[in-house]
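Listed here are the chains, written in short residue letters.
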Amino acid sequence: MINSTRLDGIALVVGSGRGIGREAAFSLAEAGAKAVVFADMNEDTAKESSEESKKYASNPAYQTAVFKMNVQDDKSVQDMVDYVVQEYGRLDYAVNAAGVDNGVHAPIAEVDVETYDRIMNINARGNLICVRAQVAAMQKQEPKTWTSRNGTRDIGRGVIINLASANSFVGLPGKGCYTISKHAFMAITKMAGLDHAPEGIRVNAVCPTWVRTPPLDVELEKNPEVRGMISAIVPIKRAAECEEVSDTIAFLCSPAASYINGTSLLVDAAVTTTVRLF
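Going by an unreviewed UniProt entry, the chain carries the name Oxidoreductase and comes from Stachybotrys elegans. A UniProt comment under Sequence similarities (unreviewed entry) is attached to the chain, and it reads "Belongs to the short-chain dehydrogenases/reductases (SDR) family."

Undergrad: Go over the pairing of strand S5 (residues 144–148) with me, naming the residues and quoting the values.
TA: When S5 meets strand S6 (residues 151–156), the two strands line up antiparallel, connected through 5 bridges. Within the sheet, the bridge partner assigned to Thr147 lies in S6 and is Thr152. Linking two consecutive strands that pair antiparallel, namely S5 and S6, is a turn of 2 residues.

Undergrad: For the side chain of Glu23, give the residues involved together with the corresponding values.
TA: Relative to the helices and strands, Glu23 is located in helix H1 (residues 19–31). When its relative accessible area of 18% is taken as the criterion, Glu23 is described as buried. Setting aside anything within four residues of it in sequence, one finds Glu23 in contact with Cys242, Glu243 and Ser246.

Undergrad: Describe the sheet that holds strand S9 (residues 264–267), with residues and values.
TA: Pairing is parallel in the open sheet, where 7 strands are placed in the order S3-S2-S1-S4-S7-S8-S9. For this open sheet the edge positions go to strand S3 (63–68) and S9, each flanked by a neighbour on one side alone. Neighbouring strand axes in the sheet, compared pairwise and without regard to direction, differ in orientation by 15 degrees on average. For strand S8 (residues 201–208) and S9, the ladder comprises 4 bridges, and the chain directions are parallel. If you follow Ala205 over to S9, its bridge partner there is Ser264. Sheet strands touched by helix H2 (residues 43–53): strand S2 (35–40) and S3. Its angle to S3, the strand with the most contacts, is close to 170 degrees. Contacting strand S4 (93–96), strand S7 (158–163), S8 and S9, helix H8 (residues 242–253) crosses the sheet at an angle of about 165 degrees to S8.

Calculation notes
Residues numbered from 1 in each chain as written. Predicted model: local features only at pLDDT ≥ 70, side-chain atom pairs only at ≥ 80, totals over all residues. Heavy atoms only, no water. UniProt positions renumbered as here; feature names shortened; annotations may be inferred. Pairing = 2+ DSSP bridges. Helix = DSSP H or I, 4+ residues; strand = E, 2+ residues; numbered from the N terminus. Buried < 20%, exposed > 50% of the residue type's maximum accessible area, 1.4 Å probe, protein only. Contact = heavy atoms within 4.5 Å. Axes fitted to C-alpha atoms, helices over the stretch in contact; angles between N-to-C directions.

Okay, here's the thing in structure tokens:
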């Protein structure tokens, strides 16, 4: 293992009760995080995930906790960040994985505005509130350094990773609300990374396409058309495993990625590279 991919700080994962957020928390624990706080609307699934994370933790001093919160509630978000800082002294890594999908697909001319408002309120506004609170906490921290084979370098005050989507860059017919919200989330990532780079805060996004989370697994099981679509569109003929996304998140948090800021990593097996005709 490359030494600079190891972690040793305090992590907060928003939306960690299930799916990619849950796996991101596991990857951070496996990479050496000292503590991981599982933040989610669903306290029960967050508790289950928090307990399971102990199996993967590599830091002998590992701690874990659960915080019930809602990204649509400004006070809830601020209370979450305050809790992490008060309990552990600082916030080194924040992962924002809360989000909702379109539901029923509809072309733009038929978009339900209430649905649009709900998706934007969670995927864009809610994540902006999270990033804002996390940056404010990191601004007050002392920066860290990393000593490698080439000497010692400043690796900043903290890292924020946003779980965006391949739809942050391309569209999918009928998925306008989700696509617009994920474009907005990518803009939040770029602006936060740009505005706060001088303070030693890095903000990046991970942008996957189809990922084997429980909802997709159900679809793959009951709907052969979904399997066929993925096989036709994805060059390597399969959906991504959660770990392939969550391990990328852990890498971007690490000193190995200390010069990566205000950008994204597409985890899409080249889906967005070209039109697939076969």
